[in-house]
Amino acid sequence: ESEGRGGGDSMQHEAACFFGDITSKADPDTYIQMARQIMRRYYELLELEKQQYGNNGSLPLLVNTDGWVKGLGYEILSAIIGVVNPGHILQIMGNTKAKSFDMSS
């Protein structure tokens, strides 16, 4: 068993996809499809936890997006939010309006 920086148990990821590019702009549809695939795996794990432990399933999920929030980036981020349907969104604000995601729409 390996230990993390703080001396506790380290965590491992349960699912991953290889996109093959440094930007989602290269193939937005595949990028969004991969998000759907990861979410399906998350729901499988959630169901497994319910069966094993008899709880309502409380596996944490953190989705870290690339921060591209304008133009096509806005469309991709909006689609990812639609796929994940998060209970909370943490937005780190940029210094300018051009670096901010409009949460009103």
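A few points on the structure. Being a predicted model, the structure only gives us computed values, none of them experimental. (Residues numbered from 1 in each chain as written. Predicted model: local features only at pLDDT ≥ 70, side-chain atom pairs only at ≥ 80, totals over all residues. Heavy atoms only, no water.)

1. A short note on empty space enclosed by the protein
Unfilled space is identified by rolling a water-sized probe across the atoms.
Turning to step 1, where the next piece is worked out: Enumeration over the complete set of coordinates arrives at 1 cavity of 30 Å³ or more.
Turning to step 2, where the next piece is worked out: Taken as a whole, the largest cavity spans an internal volume of roughly 40 Å³.
Turning to step 3, where the next piece is worked out: In terms of lining residues, the largest cavity is bounded by Tyr-31, Thr-65, Asp-66, Trp-68, Gly-73, Ile-76, Leu-77 and Ile-80.
Turning to step 4, where the next piece is worked out: At 4 residues, the largest contribution of residues to the lining of the largest cavity is made by helix α2 (residues 72–84).
Turning to step 5, where the next piece is worked out: Per-class residue counts for the lining of the largest cavity are 5 nonpolar, 2 polar and 1 charged. (1 Å grid on protein atoms, 1.4 Å probe; cavity = no way out; pocket = protein on both sides within 12 Å on 5 of 7 lines; lining within 4 Å. Points joined across faces, edges and corners; volume = space filled by probe spheres on them. Helix = DSSP H or I, 4+ residues; strand = E, 2+ residues; numbered from the N terminus. Nonpolar A, V, L, I, M, F, W, Y, C, P; charged D, E, K, R; others polar.)

2. As for α2
Turning to step 1, where the next piece is worked out: Between its first and last C-alpha atoms α2 spans 18 Å; for 13 residues at 1.5 Å apiece the expected length is 18 Å, and the two agree.
Turning to step 2, where the next piece is worked out: Of the residues making up α2, those classed as buried are Gly-73, Ile-76, Leu-77, Ile-80, Val-83 and Val-84. Buried residues along α2 cover an arc of 120° about the axis, so they all sit on one side. Away from its buried face, by an angle of more than 90 degrees, α2 presents the exposed residues Glu-75 and Gly-82.
Turning to step 3, where the next piece is worked out: On the buried face of α2, the contacting elements are α1 (28–53).
Turning to step 4, where the next piece is worked out: Asn-85, located one to two residues past α2, shows a positive phi value of around 50°. (Expected span 1.5 Å × (residues − 1). Buried < 20%, exposed > 50% of the residue type's maximum accessible area, 1.4 Å probe, protein only. Arc of directions from axis to C-beta. Contact = heavy atoms within 4.5 Å.)

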